[in-house]
Amino acid sequence: MSGARVGWIIGALGALAVLGLVLVSLSAAFYTDWLWFEDLGYLSVYQTRLAAQALTFLLGYLTAFFFFWANWLFIPGRLLGGTQVLRPFRRTVQASLRTLRIILILTALFIAYVMAQILVANWVDLLVFLHAVPFGKADPIFGLDVGFYVFRLPVYRLLAGWFLALGILGLLGALAVYGTAGTLRDRGPVAHLSVLGAVTLGLIAAQYQLARLGLLTSARGVVFGAGYTDVHARIPLYNLLTAVVLIAAVLALVNLFLRRWRLLTLAMALWLGLALLGGLYPAAVQRFVVAPNELAAERPYIAHAIAFTRYAFGLENIREREFPARGVLTPEVLEANQATVQNIRLWDWRPLLTTYGQLQEIRLYYTFNDVDIDRYIIGGQLRQVMLAVRELDTEQLPEQAQTWINRHLIYTHGYGVVVSPVNEFTPEGLPRLLVRDIPPEAADPVLEVTRPEIYFGEVTKDYAIVNTTEPEFDYPSGDQNVYTRYEGPAGVPLGGFFRRLIFAVRFGHSQILFSTALRPDSRILFHRAIDDRVQMLAPFLWYDPDPYPVIADGRIVWLWDAYTWSDRFPYSEPFSGVNYIRNSVKVAIDAYTGETTFYVVDPTDPIIQVYQSIFPGLFTPGDRMPQALRDHWRYPERLFHIQAAAYAAYHMEDPQVFYNKEDLWAAPTEIGLQGEEEMAPYYVVMQVPGEDQVEFLLIRPYVPNGRRNMIAWLYADSDGEDYGLLEVFKFPKQELIYGPMQIEARFDQDPYISQQLTLWNQRGSQVIRGNLMVVPVDDTLLYVEPLYLQAETGRFPELKRVLVAYGDKVAMGESLEGALLQILGVTEAPPPAEETGPVTPGEEVPTDVAALVQAAKAHYDAAQECLRRADWACYGREQEALGRILTALVEATRE
């Protein structure tokens, strides 16, 4: 046997071995995912996906292959005879007829595979096409339901392009075959090529008609969607091109009988000329018809864009109210709004994440990935809190502990949460913890965690095997460790040799097959990272970037907002890459069991109705969500951010005002860690002006585009029956309402504040400025910004000062209360040096000095107690009484 042949054999065996490994790996992934879906109770979802992908691939592959086979081999072979067709190839490549035929078949097989994969990549769109439902809203140009553009038009475009590529490749391949055979002028080949040409031209005509419909989702004119030039120039042009191409297709078919090449050539030349010069006509209409009077020409299309964009982003029902901002901040106002003041957030999540890490990670292998904001009823009051989950990161285990058993059998889970109020801190500038330590200790029963183990989280990525001979590490206790065993139902049983072999292949760890620590009833937990988990189950949803944990009935449950969306909604301008969005789904993931439930919270959304039709076993009605979770719904940040960006322009409903951008708004900026940055929306617990309930809201202030003063603020309600309510308060345009950056500048320009900031930055510390909060209080505004100090030698931010601005006043205090006192013009009187006995506040002013001193001390103590309770009216009364006592004391000492 020659060396060349041996080399070919070795290469072929190597290729087969690689192919075999790939197939085994794919089979292992397929089978283990099947078991995973079955364990979660969502096997029907996986089966639907597999069936759709398999059927799509099969239909696409067979269609493409038989089309190529018919047009490259079968039809030419019948017309000319196989030997005649292949003789030129034989002379060229000097190969046998059988080899040449195999080459053509392999080429068809490869291209058919590529074409089939294009369809498989769009399997969701194909299923959506089959289950489409109407929106009940028609477009203003063609009168088609919006559902056609969202659900059907994308598939029509996909299939038209796919079949056009098929036709062009088939035509080129047939041309190559007949050209090489020298039979292009023979009647049979001419007839064959004419049919292929007619089919290709027909598909091009279909593309023009689809492009005509696609103008409603284009962005050429002053608005998104078809404008004057599109309607009066491009649509007629597309219709003309369609007619010319169809005539050419008919002439190609006529050529079967008459062989009149000149007519076909003339039609093709006319089409190409129109296609090349077609851009001139719309440009001429735009320049000479539209541009001289653009507003008049575009007015109806601007109106369409305003209406459809407002509908697509859910802006139609935003209520508008005036906010005069003429109120006066007094102790009585603060007293009436004490629930709002007590919940002003002083902790920024970024320095707090670092502080949590220093105080509560306990061991190197624990980590806090994020700090989230929520609210709980604590002590009978609605309190806004910040909380973080303590997850276990096996990557942070010491190097000598990085063994397979440690990573996958022993160190399997994180433990507990940390919770602190948004506005409280210790004298050292550290957060006051409501839930702390391991095991977790809670300051209020509502925060008690009875199942603190975190088997499913944001950074929990390794697979874990439970019910083994090895006990699982639970938490550290002094110099000892406490161990446990998983008691939940989650996990795929490893069973016997075959399953262990499959999982060993899946994860590339032979220990799964050979370890004696595993038992027949051992179970493997994988897809434990919650982002991986939801993407496996519902990849067609768009997920908010910030899932958050909830303490519910002693358990830790992740809540995650998911969106249905489209970028194909007619006449709707895109924001953040989408031009239609709804928060139709909220996902709940139990941190211990991994139970994942997709609750439909907006069943009126047509897109979620389609997905429910495709995957009936995936979704659960929203009214079946436990109330303990329902109480912690948050209006989603990403949705609100997108809606706020859209509303900045689309609050203008008059086409003329919109066209001239007369009232365009923008997001304000603030001083952040990296300098000036966009101010993000923020959660607050507050009482909306004019309402009697304290609620959990998400707020976005606005400034006029290109200016710094504030023009309005938008909020979204997260509580109760008002959940999802959007309302905007507008400030008087004739009055100056300071915007966030103007307040930042006033802080920097205050001599005392500026001096202190400079001094702290020069003493080996770094001043970190937290989020500036603009908080409406009654009919006025408070601006609050926390300041943190962090030593250059360590990463331990401490909350040291609070900046407050109101009207023309700015202040810096060691606490929010202290800064507010300065704003109110109240200074704390120093306590007298000696106490002679208690005196009841409110009694008549005494005349002797000793009694006056006693009365002053009593009123001072009472005022401090009022301040501790944030009872501002009480504090004002005691301060007033203290003022009278001090005045009398001054008079008494003069005598």
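Because the structure is a prediction, the values reported are computed rather than measured.

Peer 1: Sorry if this is basic, but what is going on with the overall build of the protein chain here?
Peer 2: Scanning the protein chain from terminus to terminus reveals 27 helices and 32 strands. Evaluated residue by residue, the protein chain yields a buried proportion of 53% over its 895 residues. Of the contacts made within the protein chain by residues no fewer than 6 positions apart, 67% connect residues no fewer than 24 positions apart. In the form shown here, the protein chain has an accessible surface area of approximately 39,500 Å², with 57% of it arising from carbon and sulfur atoms.

Peer 1: For this particular structure, what's the right way to read the environment of Met710?
Peer 2: Relative to the assigned elements, Met710 resides in the loop between β25 (694–704) and β26 (712–717). Along the sequence, Met710 and Gln742 sit 32 residues apart, while their C-alpha atoms lie 9.3 Å from each other. In this structure, Met710 is in contact with Pro701, Tyr702, Val703, Phe731, Ile737, Tyr738, Gly739, Pro740, Val774, Leu781 and Tyr783, ignoring residues within four places of it in sequence.

Peer 1: Can you walk me through the environment of Leu359 in this structure?
Peer 2: Following the sequence through the fold, Leu359 ends up in helix α14 (residues 349–360). Separated by 77 residues in sequence, Leu359 and Arg436 have C-alpha atoms that sit 9.4 Å apart. With residues up to four places along the chain from it excluded, the contact list for Leu359 reads Leu430, Pro431 and Phe796.

Peer 1: Even after reading the chapter, I still don't get the sheet that holds strand β10 (residues 464–466), so can you show me in this structure?
Peer 2: Strand pairs in the sheet, formed through backbone hydrogen bonds, run parallel or antiparallel to each other. Taking strand neighbours across the sheet as the criterion, the three strands line up as β10-β14-β13 in an open arrangement whose pairing is antiparallel. The open sheet terminates on both sides in strands that have one partner only, identified here as β10 and β13 (492–493).

Peer 1: How do you make sense of the side chain of Glu298 when you look at a structure like this?
Peer 2: Structurally, the position occupied by Glu298 is in helix α11 (residues 294–312). At 3.1 Å, the side chain of Glu298 and the backbone nitrogen of Tyr228 are in polar contact.

Peer 1: Which parts of the structure should I look at to understand unusual backbone geometry?
Peer 2: Excluding glycine, residues mostly have negative phi values, and the peptide bonds linking residues are mostly trans. Omega for the peptide link from Ile438 to Pro439 comes to -10°, which places this bond in the cis form. Mapped onto the elements, Pro439 comes out in the loop between β7 (435–436) and β8 (441–442). The phi dihedral of Ile362 falls on the positive side, at around 70°, and the residue is not glycine. Tracing the chain through its elements places Ile362 in the loop between α14 and β2 (366–368). Judged by relative accessible area, which is 37%, Ile362 ranks as partly exposed.

Peer 1: So what exactly am I meant to see when it comes to the pairing of strand β19 (residues 596–600) here?
Peer 2: Remember that side chains alternate between the two faces of the sheet whenever the strand is regular. Most of β19 is tucked away: five of the five residues are buried. Across five bridges, strand β18 (residues 580–590) lies against β19 in antiparallel orientation. Across the sheet, residue Val587 finds its bridge partner in β19, namely Phe598. Both β19 and strand β20 (residues 619–621) contribute to a ladder of three bridges, which runs parallel.

Peer 1: Honestly, the pattern of salt bridges in this entry has me stumped. Any pointers?
Peer 2: Working definition: two side chains of opposite charge can pair if their charged atoms are close together. Overall, the coordinates contain 34 salt bridges when judged by the stated rule. Residue Glu653 pairs with Arg310 through a salt bridge whose shortest N-O separation is 3.5 Å. Separated by 343 residues along the polypeptide, Glu653 in the loop between α21 (637–650) and α22 (655–660) and Arg310 in helix α11 bring together distant segments of the chain. Ionic pairing is found between Asp374 and Arg375, a salt bridge with its closest N-O pair at 3.2 Å. Grouping residues by exposure puts Asp374 and Arg375 together as buried. One connected set of salt bridges, linked through shared partners, spans Arg319, Arg321, Glu691 and Glu727.

Peer 1: How should the confidence of the model for the protein chain be read in this particular structure?
Peer 2: Detailed reading of predicted coordinates is not advised where the pLDDT is low. Scored by pLDDT, the protein chain has a mean of 89; 90% of the residues are at 70 or more. Counted against residues more than four places away or in other chains, residues 82–86, with its pLDDT under 50, gives 13 contacts.

Peer 1: Where do I start with the packing of aromatic side chains in this structure?
Peer 2: By convention here, two paired aromatic rings are described through the distance between centres and the angle between planes. Counted under the stated rule, the structure contains 61 aromatic pairs. With a centroid separation of 5.4 Å and an interplanar angle of 90°, the aromatic rings of Phe323 and Phe731 are classed as edge-to-face. Here Phe731 lies in the loop between β27 (726–730) and α23 (740–749) and Phe323 lies in the loop between β1 (319–322) and α12 (331–336), a separation of 408 residues in the sequence. Each member of the pair, Phe323 as well as Phe731, carries the same accessibility label: buried. Plain terms: the ring middles of Tyr715 and Phe729 are 6.3 Å apart, the flat faces sit at 25° to each other, and that makes the pair stacked.

Peer 1: Explanation requested: the nonpolar core in the structure shown.
Peer 2: A general tendency of soluble globular proteins is for nonpolar side chains to be buried together. By size, the foremost hydrophobic cluster in this structure holds 216 residues, and its most contacted members are Leu541, Phe598, Leu618 and Phe619. Of all the elements, helix α8 (residues 228–254) adds the most residues to this core, at 11 residues. When sequence neighbours within four positions are dropped, the list of residues in contact with Phe619 reads Phe540, Leu541, Val585, Phe598, Val600, Ile608, Tyr611 and Gln612. Counting 18 residues, the second largest nonpolar core, distinct from the first, contains Tyr61, Leu73, Ala112 and Ala116.

Peer 1: Is there a simple way to explain the packing of helix α7 (residues 187–214) against α8 in this structure?
Peer 2: Working note: a packed helix pair is described by the angle between its axes plus the distance between those axes. Contact pair α7 / α8: the axes reach a minimum separation of 8 Å and the direction vectors enclose 170°. As summarised for this structure, α7 and α8 are arranged roughly antiparallel, according to the angle between their axes. For the pair formed by α7 and α8, the contact residues are Ser194, Val195, Ala198, Leu201, Gly202, Ile204, Ala205, Tyr208, Gln209, Ala211 and Arg212 on the first element and Ile235, Tyr238, Asn239, Leu241, Thr242, Val245, Leu246, Ala248, Ala249, Ala252 and Leu253 on the second. Residue composition of the contact of α7 with α8, grouped by class: 16 nonpolar, five polar and one charged.

Peer 1: I keep staring at the pairing of strand β28 (residues 765–769) and nothing clicks. Help me out?
Peer 2: Within β28, four of the five residues are buried, which leaves the element mostly enclosed by the surrounding structure. Relative to strand β30 (residues 780–791), β28 is paired through five bridges, and the arrangement is antiparallel. Residue Ile768 lies in a different strand from β30, and its bridge partner there is Tyr788.

Peer 1: Which parts of the structure should I look at to understand the side chain of Glu391?
Peer 2: You can see Glu391 is positioned in strand β4 (residues 381–392). For the buried Glu391, no salt bridge is present, and the opposite-charge side chain at shortest range is Lys461, 8.1 Å distant. Reaching out from Glu391, the side chain makes a polar contact with the backbone nitrogen of Glu458 at a distance of 3.0 Å. At a separation of 3.0 Å, a polar atom in the side chain of Glu391 contacts the main-chain amide nitrogen of Val459.

Peer 1: Help me understand a nonpolar patch on the surface, please; the structure alone is not making it clear to me.
Peer 2: Taken together, the side chains of Leu58, Leu62, Phe66, Trp69 and Phe74 make up a nonpolar region of the molecular surface, amounting to roughly 450 Å² of accessible area. Tracing the backbone through its elements, the reader meets Leu62 in helix α2 (residues 43–80).

Peer 1: Looking at this structure, how should I read the environment of Met268?
Peer 2: Mapped onto the secondary structure, Met268 falls in helix α9 (residues 261–277). For Met268, a relative accessible area of 26% puts it in the partly exposed group. Residues Met268 and Leu251 lie 17 residues apart in sequence; the distance between their C-alpha atoms is 9.8 Å. Apart from the residues lying within four places of it in its own chain, the contact partners of Met268 are Leu201 and Ala248.

Peer 1: Honestly, helix α6 (residues 146–181) in this entry has me stumped. Any pointers?
Peer 2: Taking 1.5 Å as the rise per residue, α6 with 36 residues should run 52 Å; its terminal C-alpha atoms sit 52 Å apart, in good agreement. Along α6, the largest kink reaches about 50° and is centred on Arg152; proline Pro154 follows within four residues of it. Positioned one or two residues after α6, Gly182 has a phi angle of 70°, which is positive.

Peer 1: I would appreciate a short explanation of the packing of α8 against helix α10 (residues 280–290) in the present structure.
Peer 2: With their axes 9 Å apart at the nearest point, α8 and α10 run at an angle of 150° to one another. Classified by the angle their axes make, α8 and α10 are roughly antiparallel. Note that α8 runs across α10; the crossing there is right-handed. Contacts between α8 and α10 involve Tyr228, Thr229, His232, Ala233, Arg234 and Leu237 on the former and, on the latter, Tyr281, Pro282, Val285, Gln286, Val289 and Val290. Taken together, the residues that form the contact of α8 with α10 break down as eight nonpolar, three polar and one charged.

Cut-off values and rules
Within any chain, residue numbers begin from 1 and follow the written order of that chain's sequence. Residue-level local features of this predicted model are given only where pLDDT is at least 70; pairs of side-chain atoms are given and counted only at 80 or more, and the full residue set underlies all totals for whole chains, interfaces and linings. To get the side-chain values, all heavy atoms of the structure are used, and hydrogens and water are removed first. To qualify as a helix, a DSSP run of H or I must reach at least 4 residues; to qualify as a strand, a run of E must reach at least 2; elements of each kind are numbered from the N terminus. Each residue is placed in one exposure class: buried if its accessible area under a 1.4 Å probe, protein chains only, is under 20% of its type's maximum, exposed if it is over 50%, and partly exposed if it falls in between. Here, two residues are considered to be in contact whenever any of their heavy atoms come within 4.5 Å of each other. Exposure was quantified through the Shrake-Rupley algorithm and a 1.4 Å probe, taking into account, for residues, occlusion by the shown protein chains and nothing else. The rule for pairing is simple: two strands pair if DSSP sees at least two bridges between them. Residues adjacent in sequence count toward polar contacts only when both atoms are side-chain atoms; beyond that, a polar contact is any pair of N or O atoms within 3.5 Å, and within protein one must be able to donate a hydrogen and the other to accept it. Salt bridges are counted wherever a side-chain nitrogen of Lys or Arg sits within 4 Å of a carboxyl oxygen of Asp or Glu. On a range of 0 to 100, pLDDT expresses the predictor's confidence in each residue. Pairing of aromatic rings covers Phe, Tyr and Trp, the last through its six-membered ring, and needs centres within 6.5 Å; plane angles under 30 degrees mean stacked, over 60 mean edge-to-face, and all others mean tilted. Nonpolar cores were defined as sets of buried Ala, Val, Leu, Ile, Met, Phe, Trp, Tyr and Cys residues, with membership established by side-chain atoms within 4.5 Å. Helix axes are fitted only over the stretch in contact, all axes being lines through C-alpha atoms; the angle between N-to-C directions runs from 0 to 180 degrees. Each angle is binned into one of four classes, with values under 35 degrees roughly parallel, values over 145 roughly antiparallel, values of 65 to 115 roughly perpendicular, and all other values oblique. When residues are sorted by character, Ala, Val, Leu, Ile, Met, Phe, Trp, Tyr, Cys and Pro go into the nonpolar class, Asp, Glu, Lys and Arg into the charged class, and all the rest, Gly among them, into the polar class. For the purpose of charge, His is not counted, nor are the chain termini; Lys and Arg are scored as positive and Asp and Glu as negative. The patches reported here contain residues having more than 30% relative accessible area and no salt bridge. Joining distances are 9 Å for like charges and 5 Å for nonpolar side chains (Val, Leu, Ile, Met, Phe, Trp, Tyr). By definition here, a helix of n residues has an expected span of 1.5 Å times n minus one. Axes are fitted to the seven residues ending at a residue and to the seven starting at it; the angle between these axes is taken as the bend at that residue. Left-handed is the label given to a crossing in which the near helix is rotated counterclockwise from the far helix by less than a right angle, and right-handed is the label when the rotation is clockwise.

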